[in-house]
Amino acid sequence: MESITSRALNSHDVAAPVSPQCQEVSCYIDYNISMPAQNLWRVEIINREQNGDVWHTIQSLVRLIHVDTNTALKFTGRQLPDWGFHQHEVAADRIVNQDDTVWNVEEHRYTKCMSYLSIKMFIVLF
């Protein structure tokens, strides 16, 4: 779940925008359309022999497996076009065991972003 907007990470069997051999991943879910949310992911700790079964921030290497399609969250190495503000593409790949599907986790807050400040002010007000 994305910490600021509380949106769940969703994927489904639709081609990713820049890497069509992979499937699309987003935090956008429109509950008013016929396509159901598919936002269940399994966390696999890859380096259990070093850190055990507990997921540790930064130290644990994890793979996120999309339960409905058995694909892994992947950094594709490609950038989205203008409509995606040239952010790096993240997709789900059917080839699960590869370096680009391994992640570690830490938290970042982009406090200079106006949308973050607006959301933070909204949360403080309510």
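Quantities reported herein were computed from a predicted structural model and do not represent experimental measurements.

### Side note on the overall build of the protein chain
Along its length, the protein chain carries two helices and six strands. Looking at the 126 residues of the protein chain, the share that counts as buried comes to 29%. Partitioning the contacts of the protein chain with sequence separation of at least 6, the portion at a separation of at least 24 is 48%. Split by element, the accessible area of the protein chain, about 8900 Å² in all, is 57% carbon and sulfur.

### Focus: the environment of A37
With respect to the helices and strands, the residue A37 is situated in the loop between β2 (23-26) and β3 (41-45). What makes A37 partly exposed here is its relative accessible area of 31%. In this structure the C-alpha to C-alpha distance between A37 and N10, which are 27 residues apart in sequence, comes to 6.6 Å.

### Examining the pairing of β2
Sheet analysis places strand β1 (residues 10-15) next to β2, joined by three bridges and oriented antiparallel. The partner of A15 across the bridge, within β2, is Q23. Bridge count for β2 against strand β6 (residues 88-93) is two bridges, and the pairing is antiparallel. Residue pairing for β6: E24 is matched across the bridge by A91.

### Considerations on a nonpolar patch on the surface
On the surface, a cluster of nonpolar side chains totalling about 230 Å² of accessible area is made up of V43, W55 and V105. Summarising the element assignment, V43 is placed in strand β3.

### Some remarks on the sheet that holds β3
Pairing is antiparallel in the open sheet, where six strands are placed in the order β1-β2-β6-β5-β4-β3. Of all the strands in the sheet, just β1 and β3 have a single pairing partner and so form its edges. Put simply, the sheet's adjacent strands are angled 45° from each other on average, direction ignored. Examined bridge by bridge, β3 and strand β4 (residues 62-66) share five bridges and lie antiparallel to one another. Within β4, the residue paired with V43 across the bridge is L64.

About the cut-offs
- Residues numbered from 1 in each chain as written.
- Predicted model: local features only at pLDDT ≥ 70, side-chain atom pairs only at ≥ 80, totals over all residues.
- Heavy atoms only, no water.
- Helix = DSSP H or I, 4+ residues; strand = E, 2+ residues; numbered from the N terminus.
- Buried < 20%, exposed > 50% of the residue type's maximum accessible area, 1.4 Å probe, protein only.
- Contact = heavy atoms within 4.5 Å.
- Areas by Shrake-Rupley, 256 points an atom, 1.4 Å probe, with all protein chains shown as cover.
- Pairing = 2+ DSSP bridges.
- Patch = residues over 30% accessible without salt bridge, like charges linked within 9 Å, V, L, I, M, F, W, Y side chains within 5 Å.
- Salt bridge = Lys/Arg side-chain N within 4 Å of Asp/Glu carboxyl O.
- Axes fitted to C-alpha atoms, helices over the stretch in contact; angles between N-to-C directions.

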